[in-house]
Amino acid sequence: MEHDEPFLVPKPPAPPPGNGLRRRLLVTAGCLALVALGYALGRVAPPAVHAQAVASTPVPARYTLCRPDPRLLVWDEDAVALVHAAGGLPVYLKGWLNVPLVHEKTLLAPLLLASPQVAVRVAAYTDCAPKALSPLLTHCGGPGSGNDCLTIPQLLPDLNASLDNLAISQRGVLPPRWDRRPPTVPFKNADGSRVYAYPNITCYQPWATPIVDHVRAAYAHGRIDQRPLDALLSAYSQPGGEMLLVYNSTLVKPYSHLLAAAAAECRTRPEYRTLGGLALLPAPSPQPSAPPNSRPSSTPSPQPSSPSNAQPSSAHFPEPPSQTAKSQPSSNLHSSSSSPPSPGGYFPTPPKRDGVNPLNPLNPQLTIPSVFDSDLAGRMTMLDTASTTDLARDLNVLRIAIGAPTLSIWGTSYGTVVGGTYAAMFSQHLDALVLDGNVGIDDDIYRYGETLAKSYDDVWNGMTAACDATYFSASELWGDKADESREHGRDKMSLCAAAPYATEKFQTLMKRTQSAAQVLQLLKNALDFGVTETGIAPHGAIAMACIESLHARGDLNGPGCCAAVVEKMQMPAPEREWADKMAIIQTVRSLDVAGRVNPLQLSLFYAELGVRHPLGVQGATNIIYIASSPIVPRPTPPFGSTTVAPLIIGTLNDPATSFAAAQDMSSFFPQGKLLTWQGFLHGFRIVNSMPDPRDSALELANGGWGAYVCTQYLKKYLLTRALPRDGTACPINGPGASALALEVAVANAGRGLGQTCL
């Protein structure tokens with residue numbers, strides 16, 4: 001659609017019919033006369049200075065990834081020179097993408113408003129050679145995926161020759177480690193002012209002192225009973241307090257108040273209101289014959305900047321991103337131990353409580369008033385422009401910048417929302433689409449929370465079913481002598497430690513006050529940081545050993561168990577009060593999801609969810625962040641396309657996204673196919689070679705030959721667009737005793753190098 005394209009040089013008018021010289025001269029003279037008349041009447045603005053620069057910039061017949069449109073994309077170093085220095089091998093590129101703060105120009109034009117530009121970081125892996133296939137953008141989820149999410153060179157290196165790989169640091173995401181000190185943004189706004197990087201989104205934690213004080217003062221002002229707030233703060237400081245909050249409906253309400261206050265305070269910060277705002281265009285001079293409501297037909301374009309032609313600093317590859325097999329949890333994306341970024345690119349974490357960030361992106365050169373300071377703004381901030389639809393539009397600008405007719409997208413976890421949104425908005429510009437680890441799509445908070453809870457339940461139920469199966473399989477094997485063999489330990493090590501009936505033991509532990517927090521902590525660690533990132537082994541076996549130890553002994557000292565004792569939570573220190581790892585997730589998903597519920601409804605929701613899903617409710621805790629947000633939603637469009645044919649991958653036992661969400665996504669794309677993997681992981685496991693039974697038992701248990709087969713389907717789709725048949729399911733070798741056996745726990749539990757402790 002026209003208003004979704006970035007504003008560039010206007011296309012020249014079509015030549016008049018006929019080839020006669022006299023006709024062309026007459027048309028040219030007529031056009032000049034009309035322009036002169038417009039100047040005389042004051043209805044045609046004289047050309048801006050920056051337009052001359054645009055006109056003087058040579059426009060190639062077709063931009064490419066290595067020679068992009070310099071008005072939209074500038075690489076930090078000359079791409080062609082880098083490839084030449086690398087001997088023609090693929091190289092990593094990093095650069096700035098120039099995008100409008102607000103893309104919807106048609107919404108701004110009636111108000112005489114034009115959006116300033118902002119810059120976001122992008123990256124690519126390419127050898128600059130022409131490719132027959134569309135460039136592939138990979139998004140690793142979050143929200144929090146950065147421009148280090150270059151999946152092809154890390155996971156599918158044999159596709160490097162066929163695919164160029166792109167990645168983007170979406171708005172508000174802290175820069176990854178490999179891109180902490182980017183060069184100065186090279187672009188200019190229409191008025192000649194500097195374009196700044198979109199600021200990082202970091203807000204107060206809900207437990208930060210100023211937030212707690214503010215809510216306490218609000219309670220006093222509103223004559224609200226403060227005892228629930230005091231009880232919440234007391235419970236939070238107890239061992240496992242934060243995990244137990246959702247089981248206590250009395251504490252959910254003040255918790256939502258703290259979250260709402262923290263989000264509202266974040267919206268008042270100057271760094272989210274002073275990036276130049278929406279520049280008010282000067283109104284046209286009034287003319288007697290002009291219509292009273294006339295408006296300019298278009299907005300000025302950004303001043304171009306010459307592309308970076310710097311020679312590469314060395315003949316070596318740039319430092320590659322530390323890309324892992326799957327998306328990392330948000331805690332890894334918001335590391336506080338990194339050095340502060342440079343003023344020329346990203347900005348550090350928000351200011352202290354009583355100070356102003358000296359590096360906030362206030363533009364002192366801006367002479368046009370900001371809409372953020374006008375009556376038109378209301379409570380608008382830059383945080384309102386960080387939605388997934390904004391990201392989809394940014395991706396379309398990236399596509400145009402590199403001259404690609406279409407993009408392909410591979411989204412994992414929240415990346416499936418990104419891919420689904422782009423498919424809904426720009427289906428004509430989308431080629432291949434891989435949706436892996438699908439996030440539940442629902443504007444109804446209740447159904448969305450239920451879907452998230454099912455993710456935990458699916459994994460736990462799959463593990464306990466396999467755990468119990470080891471007991472009964474052993475009984476079949478040993479027959480009448482099964483009990484005798486267990487007494488002598490003959491098959492004890494091959495059984496799951498918590499068998500039989502691990503679920504019943506979990507429920508018993510949840511009823512014990514002294515063990516409830518401990519069992520929740522170890523299971524969350526096993527699921528969130530074990531199964532999510534690695535697979536079922538060895539974390540599943542160790543978790544089962546710890547459950548058996550707690551149930552039988554009342555401690556964590558049993559065989560095969562290694563788990564940290566749950567300690568009291570500490571209120572954040574002043575220097576850590578800004579380290580809210582959920583700020584970017586809350587901002588983006590609150591914009592995407594339209595549903596909102598009040599604190600009373602939230603408390604009832606979690607009370608009912610906890611009854612239906614005693615463990616699964618832990619997987620739905622981020623619902624409270626979305627439901628209590630003061631952000632006015634800008635929901636994603638309904639997913640689906642009748643023309644796009646995606647490969648949709650569903651993992652049966654995924655702690656972060658349920659298989660039901662993959663089935664829902666499949667229904668939105670009638671031309672697509674659902675590929676099922678029976679494994680345990682967040683998203684699909686890439687296995688490039690057929691596993692050998694003599695290989696590591698953990699690798700075999702976590703992937704197996706089924707993951708290898710699914711990987712071949714994925715590669716075939718990326719290269720040929722050929723889809724598997726509906727109903728194709730890739731098996732896993734187990735889990736059974738091979739993954740959950742006590743011997744696996746005993747062999748891997750510990751705090752030493754290469755060992756695991758929950």
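Residues numbered from 1 in each chain as written. Predicted model: local features only at pLDDT ≥ 70, side-chain atom pairs only at ≥ 80, totals over all residues. Heavy atoms only, no water.

### A look at the overall build of the protein
So, step 1. Counting its regular elements, the protein contains 25 helices and 13 strands.
So, step 2. Scored against the burial criterion, the 758 residues of the protein give a buried share of 54%.
So, step 3. In the protein, of all internal contacts separated by at least 6 residues, the share reaching a separation of at least 24 is 80%.
So, step 4. Here the protein has roughly 32,100 Å² of accessible surface; of this, 57% comes from carbon and sulfur atoms. (Helix = DSSP H or I, 4+ residues; strand = E, 2+ residues; numbered from the N terminus. Buried < 20%, exposed > 50% of the residue type's maximum accessible area, 1.4 Å probe, protein only. Contact = heavy atoms within 4.5 Å. Areas by Shrake-Rupley, 256 points an atom, 1.4 Å probe, with all protein chains shown as cover.)

### So, the pattern of salt bridges
So, step 1. The full count for this structure, using the stated rule, is 22 salt bridges.
So, step 2. In this structure, the salt-bridge partner of arginine 267 is aspartate 384, at a minimum N-O distance of 3.0 Å. Here arginine 267 is found in the loop between helix 9 (249-266) and strand 8 (279-280), whereas its partner aspartate 384 is found in the loop between helix 10 (330-333) and helix 11 (388-401), with 117 residues between them in sequence.
So, step 3. Owing to a relative accessible area of 12%, aspartate 384 belongs among the buried residues under this scheme.
So, step 4. Several salt bridges share partner residues, and in doing so they unite Glu104, Asp390, Arg393 and Arg634 into one network. (Salt bridge = Lys/Arg side-chain N within 4 Å of Asp/Glu carboxyl O.)

### Here we look at the nonpolar core
So, step 1. Counting 107 residues, the largest nonpolar core has Leu97 and Tyr606 as the members making the most contacts within it.
So, step 2. Take this core: its biggest share by element is eight residues, from helix 9.
So, step 3. Once you skip the residues sitting within four places of it in the chain, tyrosine 606 turns out to touch Val246, Val252, Val617, Ala620, Thr621, Ile623 and Ile624. (Core = buried A, V, L, I, M, F, W, Y, C linked by side-chain atoms within 4.5 Å.)

### Notes on the pairing of strand 2 (residues 91-100)
So, step 1. Counting buried positions over the ten residues of strand 2 gives nine, a clear majority of the element.
So, step 2. Sheet topology places strand 1 (residues 73-75) next to strand 2; three bridges connect them, and they run antiparallel. Paired with leucine 73 across the two strands is leucine 97, which belongs to strand 2.
So, step 3. Relative to strand 4 (residues 117-126), strand 2 is paired through ten bridges, and the arrangement is antiparallel. Across the sheet, the residue bridging to leucine 97 is valine 120, located in strand 4. (Pairing = 2+ DSSP bridges.)

### A look at the packing of aromatic side chains
So, step 1. Taken as a whole and assessed by the stated rule, the structure comprises eleven aromatic pairs.
So, step 2. With a centroid separation of 3.8 Å and an interplanar angle of 20°, the aromatic rings of tryptophan 207 and tyrosine 236 are classed as stacked. Here tryptophan 207 is found in the loop between strand 7 (196-197) and helix 6 (209-221), whereas its partner tyrosine 236 is found in helix 7 (residues 227-236), with 29 residues between them in sequence.
So, step 3. Consider the rings of tryptophan 207 and tyrosine 255, whose centres lie 5.4 Å apart with planes at 15°: the pair is stacked. You can see tryptophan 207 sitting in the loop between strand 7 and helix 6 and its partner tyrosine 255 sitting in helix 9, a full 48 residues away along the chain. Tyrosine 255 carries the same exposure label as tryptophan 207, and that label is buried.
So, step 4. One aromatic cluster is present, formed by Tyr92, Tyr125 and Trp178 through successive ring pairs.
So, step 5. Sitting over the ring of tryptophan 96, arginine 121 keeps its end group 4.7 Å from the ring centre. (Phe/Tyr/Trp six-rings, centres within 6.5 Å; stacked < 30°, edge-to-face > 60°. Lys NZ or Arg CZ within 6 Å of the ring centre and 35° of its normal.)

### Some remarks on the packing of helix 16 (residues 513-531) against helix 17 (residues 539-553)
So, step 1. Close contact between helix 16 and helix 17 brings their axes to 10 Å; oriented N to C, the two are set at 175°. Regarding the angle of helix 16 to helix 17, the classification is roughly antiparallel. Contacts between helix 16 and helix 17 pair Gln518, Val519, Leu522, Leu523, Ala526, Phe529 and Gly530 from the former with His539, Ala543, Cys546, Ile547 and Leu550 from the latter.
So, step 2. Of the residues in the contact of helix 16 with helix 17, the class split is nine nonpolar, three polar and no charged. (Axes fitted to C-alpha atoms, helices over the stretch in contact; angles between N-to-C directions. Parallel < 35°, antiparallel > 145°, perpendicular 65-115°, else oblique. Nonpolar A, V, L, I, M, F, W, Y, C, P; charged D, E, K, R; others polar.)

### Quick look at the state of the cysteines
Covalently bonding the sulfur atom of one cysteine to the sulfur atom of another cysteine gives a disulfide.
So, step 1. Evaluation of the coordinates by the stated rule reveals seven disulfides.
So, step 2. Between the sulfur atoms of cysteine 66 and its disulfide mate cysteine 128 the distance is 1.9 Å. Taking the torsion about the S-S bond as the criterion, the cysteine 66 to cysteine 128 disulfide, at about -95°, is left-handed. Of the two residues, cysteine 66 is situated in the loop between helix 2 (49-56) and strand 1 and cysteine 128 in the loop between strand 4 and strand 5 (136-139); the sequence distance between them amounts to 62 residues.
So, step 3. Owing to a relative accessible area of 6%, cysteine 66 belongs among the buried residues under this scheme.
So, step 4. Residue classification places cysteine 128 among the partly exposed positions, given a relative accessible area of 27%.
So, step 5. Each sulfur in the disulfide pair cysteine 140 and cysteine 149 lies 2.0 Å from the other. Here cysteine 140 and cysteine 149 share a disulfide; its torsion about the S-S bond, 85°, makes the bridge right-handed. In this pair, the class of cysteine 140 matches that of cysteine 149, namely buried. (Disulfide = S-S within 2.5 Å.)

### Here's the deal with helix 15 (residues 502-511)
So, step 1. Within helix 15 the residues assigned to the buried category are Ala502, Lys505, Phe506 and Leu509. What you see down the axis of helix 15 is that its buried residues fit within an arc of 100°, all on one side. (Arc of directions from axis to C-beta.)

### Considering the packing of helix 11 against helix 12 (residues 415-425)
So, step 1. Put simply, helix 11 and helix 12 touch, their axes get as near as 9 Å, and they point 70° apart. When the axis of helix 11 is compared with that of helix 12, the two are roughly perpendicular. Crossing angle aside, the handedness with which helix 11 passes helix 12 is right-handed. Here Thr388, Thr389, Leu391, Ala392, Arg393, Leu395, Asn396 and Arg399 of helix 11 lie close against helix 12, whose contacting residues are Val417, Val418, Thr421, Tyr422 and Met425.
So, step 2. When the residues that make up the contact of helix 11 with helix 12 are grouped by side-chain class, the tally is seven nonpolar, four polar and two charged. (Left-handed = near helix turned anticlockwise from the far one by under 90°.)

### Examining unusual backbone geometry
So, step 1. Residue proline 143 follows glycine 142 across a cis peptide bond; omega there is 5°.
So, step 2. Here alanine 537 and proline 538 are connected by a cis peptide whose omega angle stands at 5°.
So, step 3. Note on placement: proline 538 falls in the loop between helix 16 and helix 17.
So, step 4. The phi angle at tyrosine 501 is positive, at roughly 65°, despite the residue not being glycine.

### Let's talk about the confidence of the model for the protein
So, step 1. Looking at the protein as a whole, its pLDDT mean stands at 77, while 73% of the residues score no less than 70.
So, step 2. Ignoring residues within four places in sequence, the model shows residues 476-482, a span with pLDDT below 50, making four contacts including any to other chains. (pLDDT = per-residue confidence, 0-100.)

### Quick look at the side chain of histidine 613
So, step 1. Mapped onto the elements of the fold, histidine 613 is located in the loop between helix 19 (599-612) and helix 20 (623-627).
So, step 2. Residue classification places histidine 613 among the buried residues on the basis of a relative accessible area of 9%.
So, step 3. If we ignore the near neighbours within four places in the chain, the residues touching histidine 613 are Glu450, Ala453, Lys454 and Asp457.

### Let's talk about the environment of isoleucine 686
So, step 1. By secondary structure assignment, the location of isoleucine 686 is in the loop between strand 12 (673-680) and helix 22 (697-702).
So, step 2. Given a relative accessible area of 17%, isoleucine 686 falls into the buried group.
So, step 3. Distance in space between the C-alpha atoms of isoleucine 686 and leucine 156 is 8.1 Å, their sequence separation being 530 residues.
So, step 4. Setting aside chain neighbours within four positions, we find isoleucine 686 in contact with Leu155, Leu156, Trp410, Thr711 and Leu714.

### As for the environment of asparagine 165
So, step 1. Within the fold, asparagine 165 resides in strand 6 (residues 165-168).
So, step 2. Overall, asparagine 165 belongs to the buried group, its relative accessible area being 0%.
So, step 3. For the pair asparagine 165 and threonine 126, spaced 39 residues apart in the sequence, the C-alpha separation amounts to 6.7 Å.
So, step 4. If near-sequence neighbours (up to four positions away) are discounted, asparagine 165 is found in contact with Ala123, Ala124, Tyr125, Leu136, Thr138, Leu150, Thr151, Ile152 and Pro153.
So, step 5. Polar side-chain contacts of asparagine 165 include one of 3.0 Å to the backbone nitrogen of threonine 151. (Polar contact = N/O pair within 3.5 Å; in protein donor to acceptor, adjacent residues only side chain to side chain.)

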